[in-house]
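Architecture and fold: a report
Spelled out, the chains give:
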Amino acid sequence: MQIKHLALAATVAVTSLGAHAQTEIQWWHSMTAVNNEWVNDLARQFNESQKEYKVVPTFKGSYPESMTAAIASFRAGNSPHILQVFEVGTATMMASKGATVPVGKVMQDAGIAFDPSAYIPAVAGYYTAPNGQMLSFPFNSSTTIFYYNKDAFKKAGLNADKAPATWPEVFEAAKKLKASGHSCPMTLAWMGWTQLESFSAWHNVEFATQQNGLSKDGYKARLKINSPLHVRHIENLAQAAKNGEFVYKGRNSDAQGSFTSGECAMIQTSSGYYGDVAKNAKFAYGLATMPYYPDVKGAPQNTVIGGASLWVMSGKKPAEYKGVAKFFEFISQTKVQAASHQRTGYLPVTMAAYDLTDKSGFYQKYPGTDVAVTQMIRKVTDKSRGIRLGNYLQIRTIEDEELELVWAGKKSPKDALDTIVKRGDELLARFEQANKGK
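About the thresholds
Residues numbered from 1 in each chain as written. Predicted model: local features only at pLDDT ≥ 70, side-chain atom pairs only at ≥ 80, totals over all residues. Heavy atoms only, no water. Phe/Tyr/Trp six-rings, centres within 6.5 Å; stacked < 30°, edge-to-face > 60°. Helix = DSSP H or I, 4+ residues; strand = E, 2+ residues; numbered from the N terminus. Buried < 20%, exposed > 50% of the residue type's maximum accessible area, 1.4 Å probe, protein only. Lys NZ or Arg CZ within 6 Å of the ring centre and 35° of its normal. Pairing = 2+ DSSP bridges. Axes fitted to C-alpha atoms, helices over the stretch in contact; angles between N-to-C directions. Contact = heavy atoms within 4.5 Å. Parallel < 35°, antiparallel > 145°, perpendicular 65-115°, else oblique. Left-handed = near helix turned anticlockwise from the far one by under 90°. Nonpolar A, V, L, I, M, F, W, Y, C, P; charged D, E, K, R; others polar.

1. Overview of the packing of aromatic side chains
Each aromatic ring pair is described using two quantities: the centre-to-centre distance and the angle formed by the ring planes. In this structure the tally under the stated criterion is 26 aromatic pairs. Note on Trp27 and Phe139: the rings are 5.4 Å apart at their centroids and 80° apart in plane angle, and the pair reads as edge-to-face. Linking Trp27 in strand β1 (residues 23-29) with Phe139 in strand β5 (residues 137-142), this pair joins segments that are 112 residues apart in sequence. By the burial criterion, Trp27 is buried, and Phe139 matches it. Seen from their ring centres, Tyr148 and Phe153 are 4.8 Å apart, and the 50° between their planes marks the pair as tilted. An identical accessibility class is assigned to Tyr148 and Phe153; each is buried. Over the ring of Tyr293 we find Arg232; its NZ or CZ atom is 4.4 Å from the centre of that ring. Taking NZ or CZ as reference, Arg388 lies 5.9 Å from the ring centre of Tyr126, over its face.

2. Quick look at the environment of Asn131
Along the chain, Asn131 falls in the loop between α6 (121-126) and β5. Distance in space between the C-alpha atoms of Asn131 and Lys216 is 9.3 Å, their sequence separation being 85 residues.

3. A short note on the sheet that holds strand β6 (residues 144-149)
Sheet architecture is open: four strands sit in the order β7-β8-β6-β9, paired in mixed fashion. Single-partner strands in this sheet number two, and they are β7 (184-188) and β9 (285-288). In this sheet, adjacent strand axes meet at a mean angle of 20° when their direction is disregarded. As paired elements, β6 and strand β8 (residues 264-270) share five bridges and run antiparallel to each other. In the strand pairing of β8, Ile145 is matched with Thr269. Each of β6, β7 and β8 is contacted by helix α9 (residues 191-202), which is oriented at about 75° to β8, the strand it contacts most.

4. Focus: the packing of helix α2 (residues 33-49) against helix α15 (residues 334-344)
Relative to each other, α2 and α15 sit at 165°, their axes nearing to 11 Å. When the axis of α2 is compared with that of α15, the two are roughly antiparallel. For the pair α2 and α15, the sense of crossing is right-handed. Contacts between α2 and α15 involve Val34, Asn35, Glu37, Trp38, Asp41 and Leu42 from the first element and Val336, Ser340, Arg343 and Thr344 from the second. Classifying every residue of the contact of α2 with α15 gives four nonpolar, three polar and three charged.

5. Looking at the packing of helix α11 (residues 228-242) against helix α19 (residues 392-407)
α19 packs onto α11 with a crossing angle of 50° between their chain directions and a minimal axis gap of 9 Å. Comparing their axes, α19 and α11 come out oblique. Between α11 and α19, the residues in contact are Ile234, Leu237, Ala238 and Ala241 and Leu403, Val406 and Trp407, respectively. Taken together, the residues of the contact of α11 with α19 break down into seven nonpolar, no polar and no charged.

6. Points about α15
Of the positions making up α15, those classed as buried are Val336, Gln337, Ala338, Ser340, His341 and Thr344. On its buried face, α15 is in contact with α2, α13 (274-280), α14 (318-332), α16 (351-359), α17 (362-365) and α18 (371-376). After α15 finishes, the residue Gly345 shows a positive phi value of roughly 90°.

What follows is the structure, encoded as structure tokens:
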């Protein structure tokens, strides 16, 4: 009797377990600190909103590291369902035939309404193929903005309520900050992105041929960043570095900590850095648009996209793809989008989320938090729509290497930019050779 009772209990337990078995969705990402908390919260909120699916977010290192890990896992047959890829990897992902499933198809197959026109055009356009199909899901889209320490400005006798709008004003402010005893008047993060890519779009000058790689023959693109304007700008930064008015603090986001701590008074970096500043800065700060050279015709234009999107990996079961689609539907909700934008400083990727944030009074309460959006929603040109180049991860490394030689006084700005173009074009030619027949 007891044995029968135990057998019955076991059967009930198994049946019950089967009824509540959740489909797991693996999500690999590269978010750290406050943005890692945000990613975990999004997954938790989705998991609590329904019982069928469970999204499991996993930090896989920096953007380059997570992309490398995903390629290895795809070859081994155990890739995640969702992979966060920074915008630099877009052309590489597009060229990886068979490794991904377009997000538009994932949503359509799941019977979930998906309207790319609801997204901010500059965001949607970047992740859309020439045939009009959206390839990846816009997630944490950012753009370059300018942060400054208002307390340091006051101490230096500068107007703390008005950020420097032009490059001459930035260099003048750096001089005054240095004179007031500031050891690091200005620093810069994500050097290639902020000072070459965003700089080019903001001044409406070409970064590369073939509409910066976005044309239908984008794989034929070659670099154009040794123009007189680019040389002049790097020369000005080199002089500031020599004077101790610009202090180089390392690659990628390395410089950000020196602003949050109060060591450096000005920085250009991602709008997605806002959450960190809002939480950790112990001083009054301001957010403003990128500076520009006022004598350049067409400036300021618009800035280009940064951040990352979510790619769906191939080789999964239909039920799993439905879970991915449901998750994307959840994080597309206007309220969720608006809350994410307000929390992180990343762009609201839909116009509805921007409108909701605007109507809530958030931008009035936190001045400057709308800068990223207003910079991006200006009318774009073929020179400012974005930059999508093959092997671009390696090209960014070349940019870092050459510019570091400039800041150290070991190479002239013209020589460094010429070398970036020469070495970068070799990588672009290799990418063209590998993809021209596809």
